[in-house]
Amino acid sequence: MDLSSSIANKGAVVGILENSTEGKDLKMARGHERHHSHHGLSIYGKELIRRCGAHCEMCDAQGVKLHIFEVPPIPTEADLGHCIMICQTCLDQIEHPKKTDPHHWRCLTRSMWSTVPAVKVTALAMLQRISRKEDWATELLEQSYLEPEESEWMEELEL
Ligand SMILES: [Zn+2]
């Protein structure tokens, strides 16, 4: 019996399995994200936590898990200025328009005035989505004020 060759074979089999699993994960991750966001955004984690005081930057929830969301259009290079820190509920509804619960987004009354442009434009984009069905959202949009560069961003931003 040639032990070394059987070990070598096992190694090869394990290698193939690992490769195929990786391939599957990659596909799943890609299919999952509507926007092709960058990996490794966690380097901004500390800074973002400080900025938002560990509260969701959309709905102000605290004591919940927060996620980094890259506000489209996604820049070629990862950019802290395009990142917001939001809770699972906000993230789910931003990424899945069908799940949008207008009641949850009453929080935009506050976040639409954020001094962080990425938060502000995301809040306004969500108001635009909700205003198709809710008059209160239209009224808030009418009160909004945008700096010129925020207006440009809004024109390219679709949620
Ligand atoms: Zn939230």
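These figures come from a predicted structure and were not determined experimentally. (Residues numbered from 1 in each chain as written. Predicted model: local features only at pLDDT ≥ 70, side-chain atom pairs only at ≥ 80, totals over all residues.)

> Any chance you could break down the overall build of the chain for me, citing the residues and the numbers?
Each helix and strand in the chain was counted, giving seven helices and two strands. Per-residue burial for the chain yields a buried fraction of 22% across its 159 residues. (Helix = DSSP H or I, 4+ residues; strand = E, 2+ residues; numbered from the N terminus. Buried ≥ 20, exposed ≤ 12 C-beta atoms within 10 Å, placed from the backbone.)

> Before we move on, could you go through the nonpolar core and cite the residues and values that matter?
Across soluble globular proteins, you tend to see nonpolar side chains buried next to one another. In this structure, I84, I86, A123 and L127 are the most contacted members of the largest nonpolar core, which totals 28 residues. Broken down by secondary-structure element, the contributors of at least two residues to this core are β1 (66–70), β2 (83–87), α3 (88–95), α5 (117–131) and α6 (135–143). Ranked by residue count, the leading element in this core is α5, at eight residues. The residues contacting I84, other than those within four sequence positions of it, are E57, F69, V71, A118, V119 and T122. (Core = buried A, V, L, I, M, F, W, Y, C linked by C-beta atoms within 7 Å. Contact = placed C-beta atoms within 7 Å.)

> Tell me what's going on with the confidence of the model for the chain, and back it up with residues and numbers.
This prediction gives the chain a mean pLDDT of 84; 77% of its residues lie at or above 70. In the predicted structure, residues 4–33 sits below a pLDDT of 50 and forms zero contacts with residues beyond four places in sequence or in another chain. (pLDDT = per-residue confidence, 0-100.)

> I'd like a rundown of the environment of P102, residues and numbers included.
Topologically, P102 is positioned in the loop between α3 and α4 (108–111). When the 16 C-beta atoms within 10 Å are taken as the criterion, P102 is described as partly exposed. On a C-alpha basis, the gap between P102 and K133 in space is 8.6 Å, while along the polypeptide they are 31 residues apart. Leaving out residues up to four positions away in the same chain, P102 has contacts with I130, K133 and E134.

> Provide a residue-level description of α3, including the pertinent values.
Buried residues of α3: C90, Q93 and I94, and no others. The arc that holds every buried residue of α3, seen down its axis, measures 100 degrees, which confines them to one face. Buried-residue contacts for α3 involve β1, β2 and α5. (Arc of directions from axis to C-beta.)

> Please give an account of the pairing of β2 that cites residues and values.
Within a regular strand, side chains alternate between the sheet's two faces. Of all five residues that make up β2, five are buried, and the element is covered over most of its length. With burial as the criterion, each face of β2 is covered, one bearing C83, M85 and C87 and the other bearing I84 and I86.

> An account of the packing of α5 against helix α7 (residues 148–156) is needed here, citing residue identities and associated values.
Where α5 meets α7, the axes come as close as 10 Å, and the angle between the chain directions of the two elements is 50 degrees. It follows that α5 is oblique to α7 by the angle criterion. Classified by chirality, the crossing of α7 by α5 is right-handed. Of α7, the residues touching α5 (which contributes P117, K120, V121, L124 and A125) are E150, W153 and M154. (Axes fitted to C-alpha atoms, helices over the stretch in contact; angles between N-to-C directions. Parallel < 35°, antiparallel > 145°, perpendicular 65-115°, else oblique. Left-handed = near helix turned anticlockwise from the far one by under 90°.)

> Residue-level account of the environment of W136, with values.
Positionally, W136 belongs in helix α6. The exposure class assigned to W136 is partly exposed, which follows from the 15 C-beta atoms found within 10 Å. Counting along the chain gives 27 residues from W136 to T109, while the straight-line C-alpha distance between them is 9.7 Å.

> Give a detailed account of the packing of α5 against α6, specifying residues and quantitative values.
A pair of packed helices is characterised by two quantities: the angle between their axes and the separation of those axes. Running from N to C, α5 and α6 cross one another at 140 degrees; their axes reach a closest spacing of 8 Å. By the criterion of interaxial angle, the relationship of α5 to α6 is oblique. Note on packing geometry: the crossing formed by α5 with α6 is left-handed. Contacts between α5 and α6 pair L124, L127, Q128, I130 and S131 from the former with A137, T138, L140 and L141 from the latter. Per-class residue counts for the contact of α5 with α6 are six nonpolar, three polar and no charged. (Nonpolar A, V, L, I, M, F, W, Y, C, P; charged D, E, K, R; others polar.)

> Would you mind going over unusual backbone geometry in detail, with residue names and values included?
The step from P72 to P73 runs through a cis peptide bond, and the omega angle for that step is -5 degrees. By the secondary structure assignment, P73 is in the loop between β1 and β2. Look at A54: it is not a glycine, yet its phi comes out positive at around 60 degrees. For D60, which is not a glycine, the phi torsion comes out positive at approximately 70 degrees. Mapped onto the elements, D60 comes out in the loop between α2 (45–52) and β1.

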